[in-house]
Amino acid sequence: MTELNIIEQDTELEIFAKDVDLGLSAPFKSISSKYFYDDIGSGIFQEIMKMPEYYPTNCEFEILSLQSEDIIKKLHFNEPFNIVEFGAGDGIKTRQLLKKLVEKGIDFTYVPIDISGKAIEELQSNMFTALPDIKIKPLIGNYFTMVEELSSLDIPCLFLFLGGNIGNYQPEEADQLLSQFHENMKIGDKLLTGFDLQKNPATIRNAYDDKQGITKAFNLNLLQRINTELGGNFKPGQFDFYSHYDPANGEVKSYLVSLIEQNVFVEKMDSYYSFRKNELIWTELSKKYTISGIEELGIRNNFEVIEHFMDCKHYFTDSLWMK
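K.L.:
Please explain the overall build of the protein as it appears in this structure.
P.N.:
When its secondary structure is counted, the protein shows 11 helices and 13 strands. Its C-alpha atoms give the protein a radius of gyration of 20 Å, within 12% of the compact-globule value 20 Å for 323 residues. With the C-alpha coordinates of the protein rotated into their principal frame, the extents come out at 60 × 45 × 35 Å. Out of the 323 residues belonging to the protein, those deemed buried represent 50%. Summarising the internal contacts of the protein: among those between residues at least 6 apart in sequence, 75% fall at separations of at least 24.

K.L.:
Help me understand the sheet that holds strand β11 (residues 280–287) in this model?
P.N.:
Hydrogen bonds between backbone atoms are what pair the strands of a sheet, whose relative direction is either parallel or antiparallel. Across the sheet, 3 strands lie side by side as β7-β8-β11; this open sheet has antiparallel pairing. Single-partner strands in this sheet number two, and they are β7 (239–246) and β11. Between one strand axis and the next, the sheet turns by 20 degrees as a mean value, whatever way the strands run. Strands β7, β8 (251–258) and β11 of the sheet are contacted by helix α9 (residues 201–208), whose axis makes an angle of about 160 degrees with β7. Docked against the sheet, helix α10 (residues 214–230) engages β7, β8 and β11, running at close to 120 degrees with respect to β7.

K.L.:
Sorry, what's going on with unusual backbone geometry here?
P.N.:
Across the chain, the bulk of peptide bonds are trans and the bulk of non-glycine residues have phi less than zero. Positive phi is not limited to glycine here, since D270 has a value of about 50 degrees. In this structure D270 comes out as exposed when scored by relative accessible area, which is 61%.

K.L.:
Sorry if this is basic, but what is going on with helix α3 (residues 55–66) here?
P.N.:
It helps to recall that an α-helix has 3.6 residues per turn; residues three or four apart then point in one direction. For α3, with 12 residues, the first-to-last C-alpha span of 17 Å sits near the 16 Å given by 1.5 Å per residue. Burial in α3 covers these residues: Y55, P56, T57, C59, E60, I63 and L64.

K.L.:
I keep staring at the pattern of salt bridges and nothing clicks. Help me out?
P.N.:
Between side chains of opposite charge, a pair can form as their charged atoms come close. Scanning the model with the defined rule gives 18 salt bridges in all. For K100, the salt bridge goes to E103, with nearest N and O atoms at 3.6 Å. Within this pair, K100 and its partner E103 are both found in helix α5 (residues 92–103), separated by 3 residues, close to a single helical turn. The salt bridge involving D240 is made with K216; its shortest N-O contact spans 3.4 Å. With a gap of 24 residues between them, D240 in strand β7 and K216 in helix α10 connect regions that are remote in the sequence. Residue D240 is classed as partly exposed on the basis of its relative accessible area of 30%. Residues joined in a network through salt bridges with shared partners are E69, K100, E103 and K104.

K.L.:
Would you mind showing me how to read the environment of F161 here?
P.N.:
Of note, F161 is situated in strand β5 (residues 157–161). Note on F161: relative accessible area 0%, which makes it buried. Taking the C-alpha atoms as reference points, F161 and F195, 34 residues apart in sequence, are found 9.5 Å from one another.

K.L.:
Is there a simple way to explain the packing of aromatic side chains in this structure?
P.N.:
Within a pair of aromatic rings, the relevant descriptors are the distance that separates the centres and the angle that separates the planes. Summed over all chains, the structure comprises 24 aromatic pairs. A centroid spacing of 6.0 Å and a plane angle of 80 degrees characterise the contact between F45 and Y54, whose relative ring orientation is edge-to-face. Accessibility expressed as a relative area gives 17% for F45, which makes it buried. Their ring planes at 80 degrees and their centres at 5.6 Å tell us that F161 and F181 sit as a pair that is edge-to-face. Note that F161 is positioned in strand β5 and F181 in helix α8 (residues 171–183), a separation of 20 residues in sequence.

K.L.:
What is the right way to look at the pairing of strand β12 (residues 304–310) in this model?
P.N.:
Side chains on a regular strand alternate between the two faces of the sheet. The sheet contact formed by β12 and strand β13 (residues 316–322) spans 6 bridges and is antiparallel. Residue pairing for β13: F309 is matched across the bridge by D318. The turn linking β12 back onto β13 is made up of 5 residues, and H314 within it adopts a positive phi angle of 60 degrees.

K.L.:
I'm lost on the environment of E60 in this one. Help?
P.N.:
Along the chain, E60 falls in helix α3. By relative accessible area, E60 is classed as buried at 0%. In this structure, the C-alpha to C-alpha distance between E60 and T317, residues 257 residues apart in sequence, is 7.3 Å. Reaching out from E60, the side chain makes a polar contact with the side chain of K93 at a distance of 2.7 Å. A polar atom in the side chain of E60 sits 2.8 Å from the backbone nitrogen of G163.

Reading the values: rules and limits
Residues numbered from 1 in each chain as written. Predicted model: local features only at pLDDT ≥ 70, side-chain atom pairs only at ≥ 80, totals over all residues. Heavy atoms only, no water. Helix = DSSP H or I, 4+ residues; strand = E, 2+ residues; numbered from the N terminus. Rg over C-alpha atoms; globule rule 2.2 N^0.38 Å. Buried < 20%, exposed > 50% of the residue type's maximum accessible area, 1.4 Å probe, protein only. Contact = heavy atoms within 4.5 Å. Pairing = 2+ DSSP bridges. Axes fitted to C-alpha atoms, helices over the stretch in contact; angles between N-to-C directions. Expected span 1.5 Å × (residues − 1). Salt bridge = Lys/Arg side-chain N within 4 Å of Asp/Glu carboxyl O. Phe/Tyr/Trp six-rings, centres within 6.5 Å; stacked < 30°, edge-to-face > 60°. Polar contact = N/O pair within 3.5 Å; in protein donor to acceptor, adjacent residues only side chain to side chain.

In structure tokens:
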């Protein structure tokens, strides 16, 4: 039986409460997109990834299916190593890379990290079904907390930060995250990071505001999560969803919109939060990059940019960096 390392839930709950309080007390309200991914949110995101409009998943699946051997050649690891994946989700895309490593008889241990225990359990089950002999050491928790623990590892590591998640961070936050990764990596460790590339604005708009309303449900689940975990009395039906893409700066921004003037009480913080009619809660930033912007980001954070692995449409890249 594989051992699960789990962060104390009380600690995570306190952080969640503090962040929600700060976000909903600010003049311009916000809730961090990192809180999308409870068990329910992770399930809804699986539905988003299946939508025909949502291209990033298929693009990255193509990259890892067709270019895994090229990625492996660029690692230059001559001894057993760990593959540490931040925000592993269901692991279906990553499985393409792991399968190629197994086929080549390369000695590695897969270390998936996800905030959702349910997602990790499903990932383990699926991985063992597809790759029965794979070595897995899963971690459940926030990767910001885990990265320091992982810095004590004495074998080489390939870190995976896939799915274009780096685009969810504002520039200074992206620099802080990458600096944290760099600080806790050893010389020669590699980082494979997914970046969604700038393209036809209509393609991007349709991916983030689907007609089926799945993305809307994904955002509204934030309010339900506050109700469930923090004792809130949000009525999700009194909020709408809005998303906007600005091709000039490559930013998609998503919001929840209060449909009426209302007050919401959250028991955990023993506080009321007031909303004006049409007031916004900013829920997500998803930045789209250029190749030159990616290289500037890597160099600025002291990484050597080794190569960009792009899909056939050049919609997406998994870029390999080295410390």
